[in-house]
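Understanding the architecture of this molecule
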Amino acid sequence: MEIFEKYDVIVVGAGHAGAEAAAAAANLGSSVLLITMNLNAIAQMSCNPAMGGIAKGQIVREIDALGGYSGLVTDKSMIQFRMLNKSKGPAMWSPRAQSDRMLFSATWRKMLEDTQNLDFWQDTVTELLIKGDMVYGVKTAMGLEIKSKTVILTNGTFLNGIIHIGMKQFAGGRMGDPPSYGLSDQIKALGFETARLKTGTPVRVDGRTIDFLKMEEQKGDENPENFSFLEKTKLTKQRSCWITYTSPKVHDTLRLGFADSPMFAGRIQGVGPRYCPSIEDKIERFSDKSRHQLFVEPEGWNTIEYYLNGFSSSLPDYIQVKALREIPGFANAKIFRPGYAIEYDYFPPTQLKYNLETKKINNLFFAGQVNGTTGYEEAAAQGLMAGINASLLLNDDEPFVLKRSDAYLGVLIDDLITKGVDEPYRMFTSRAEHRILLRQDNADKRLTEKGYKLGLASKHRYDTYRQKEEKVKKLTRIIYEESISPDEVNATLTENNTAPLKQKVKLSTVLLRPQVKLKSLISVNSALQNIVEENDISNEIIDSAEIQIKYEGYIKKEEDIAQKLGKFENIMLKEDFNYNKLTSISYEAREKLTKIKPRTIGQASRISGVSPSDINVLLVYLGR
């Protein structure tokens, strides 16, 4: 007797990628089975208890705008909110939240359980069911064969995972969880390229043994915001983080363990994240620095456990504790568990199409850390896109692909499949050439209509977005139309160290001054006060209107550049194009183009090793 029906989509793994993939596919009407080793660890925060940050906050807002769940879950579980980079331009503003680790996972599970078309199964997938070049299901450790039309692999760090603590080495997908065997070897046997990466995590500390008086307090924002554009939940209380520093004495103690370091001894073969190095790596690479900043982060509302951000390590446990107790505030520290490094298999993402389906096996999708990324947000973004595209594939619909000028999600996927990775990929604002367009405040404007047309963003979400846009238009119209007199505003201008007016001018003219904020103009101008009161205009709408007016010239210029570059994205290349016959382009270019099989001239131009002259040859051949 079969205990399972045939599903449209099987999602393997219930981390951040798997959770978003399952939710997206189910909400688009597909029958979905989510298989995970541990149903009590759905979307677990295996590393730091936080969402968002530089560029990552933009990704969470983009996921939310399309109808994904990460923003909603973060808002329901956050214990602190900060908008980073507020002293810089709005393209750099990045929301970040500390989360209650256990509440975050529990909230994700509740939202998935409330999602129609979604079933769950606790088991380990050991094998894909393959016929020819098509996947048709999975086989599990319990010996079950479960059939499906598509499969999405989101195995995180579990494939052949090995944990390192000094000389100690043992199998694990993360501390306390077993690794996954069999699947990676089968995928390699199918002709996929596989490689190893490494990531790590720091000690967890007993908060009862920390002396916070020796540290600098880092409070949340006075007026905390939300990640989701849909539900506005006001955070009425927050937990503080704390800042402390290492010292030369701490570094000397850590060096005592270098001889037993798995990284320096060569026992770790995988490449670690460049921008989130272990503390021993930081000491080695930045030997001129006498100290490194550490963030002491609470793990939740009702726990004494703290995460020591910046102190990731795979040194022997006794060395970690000895060094920890030499850091200000930790003289009497006790730990819950040591830091460790984890090494795991991944599949270089140049083997994927833009919809995250593999090139070798039809209807098989990869998402998350199996594609070489690091970070919850990057994983969730890929899961969302894989879930969407698996559902679209079943209905013979066109893939959902975002351009680099549409979203950080588009930058992320284009970088992965075009450039590949040789170290864990992490998103930064600097990776996006159109970041003035890809702001955290306008993710709904860029993506909600797309999500609504897909059927993923609800009508309520779409209507909420349209209402917001209408209010922004009303407010900006008043700012462009109405004038303000010297009597009204000069005191404010003088207070903000900018020249007073000599005559009436348009509100927009005054707002263009860098020193002037829209809120200060609202406080002194009756026309603005009336529009705000009559239309229940929120701080979010005020910020949107201010950014649109202050940065109008920059935004228009960036849109023009994106449009010009976009012409290459519309020149399609056939998947079976024979690049070897183009002897006028370099051998390296032919080799890279044949391997990656770019979808467009635009993608071809971003491949490492393909020069502008190679692109010109391609354009001539195509009659362009």
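Note that this is a predicted model, so its numbers are computed, not measured.

**Some details on the overall build of the chain**
Of regular secondary structure, the chain possesses 21 helices and 22 strands. Radius of gyration (C-alpha) of the chain: 26 Å, near the 25 Å computed for a compact globule of 624 residues. With the principal axes as the frame, the chain shows a C-alpha extent of 80 × 70 × 55 Å. Within the chain, the proportion of its 624 residues that are buried is 58%. Considering only residue pairs separated by 6 or more positions, the chain has 72% of its internal contacts joining residues 24 or more positions apart. For the chain, the computed accessible surface area is about 26400 Å², with 49% contributed by carbon and sulfur atoms. A distance of 3 Å separates the average location of the 82 positive side-chain charges in the chain from that of its 78 negative side-chain charges.

**Here we look at the packing of aromatic side chains**
Applying the stated criterion to the full structure yields 13 aromatic pairs. Between Y69 and W108 the ring centres are 5.7 Å apart and the planes differ by 45°, which places this aromatic pair in the tilted class. In this pair, Y69 sits in the loop between α2 (56–66) and α3 (70–77) while W108 sits in helix α4 (residues 101–113), placing the two residues 39 residues apart along the sequence. Neither Y69 nor W108 differs from the other in exposure class; each is buried. Consider the rings of Y452 and Y462, whose centres lie 4.2 Å apart with planes at 5°: the pair is stacked. Of this pair, Y452 sits in helix α11 (residues 443–454) while Y462 sits in helix α12 (residues 459–481), placing them 10 residues apart in sequence. What makes Y452 partly exposed here is its relative accessible area of 31%. Using a relative accessible area of 12% as the deciding quantity, one classes Y462 as buried. In textbook terms, an aromatic cluster arises when at least three aromatic residues are bridged by ring pairs, as seen for F4, Y7 and W121. The ring of F577 has K581 lying over it, and the distance from NZ or CZ to the ring centre is 5.7 Å.

**Topic: the sheet that holds strand β3 (residues 50–52)**
The 3 strands are arranged β3-β5-β4 in an open sheet whose pairing can be described as antiparallel. In the strand order of this sheet, the two ends are held by β3 and β4 (78–84), each with one partner. Taking the axes of each pair of neighbouring strands and ignoring which way they run, one obtains an average angle of 15° across the sheet. With 6 bridges connecting them, β4 and strand β5 (residues 94–99) associate as antiparallel partners. What sits directly across from L84, in β5, is S94. Relative to the sheet, α3 contacts β3, β4 and β5, its axis offset from that of β4 by approximately 115°.

**Thoughts on the pairing of strand β17 (residues 305–309)**
Of all 5 residues that make up β17, 4 are buried, and the element is covered over most of its length. Looking at chain direction, strand β13 (residues 204–206) and β17 are connected through 3 bridges and run antiparallel. When the sheet's bridge partners are listed, V205 is paired in β17 with Y306. Sheet analysis places strand β16 (residues 293–298) next to β17, joined by 4 bridges and oriented antiparallel. Within β17, the residue paired with F295 across the bridge is N309. Between β16 and β17, which pair antiparallel in sequence order, lie 6 residues.

Cut-off values and rules
- Residues numbered from 1 in each chain as written.
- Predicted model: local features only at pLDDT ≥ 70, side-chain atom pairs only at ≥ 80, totals over all residues.
- Heavy atoms only, no water.
- Helix = DSSP H or I, 4+ residues; strand = E, 2+ residues; numbered from the N terminus.
- Rg over C-alpha atoms; globule rule 2.2 N^0.38 Å.
- Buried < 20%, exposed > 50% of the residue type's maximum accessible area, 1.4 Å probe, protein only.
- Contact = heavy atoms within 4.5 Å.
- Areas by Shrake-Rupley, 256 points an atom, 1.4 Å probe, with all protein chains shown as cover.
- Lys, Arg positive; Asp, Glu negative; His and termini not counted.
- Charge placed at Lys NZ, Arg CZ, Asp CG, Glu CD.
- Phe/Tyr/Trp six-rings, centres within 6.5 Å; stacked < 30°, edge-to-face > 60°.
- Lys NZ or Arg CZ within 6 Å of the ring centre and 35° of its normal.
- Pairing = 2+ DSSP bridges.
- Axes fitted to C-alpha atoms, helices over the stretch in contact; angles between N-to-C directions.

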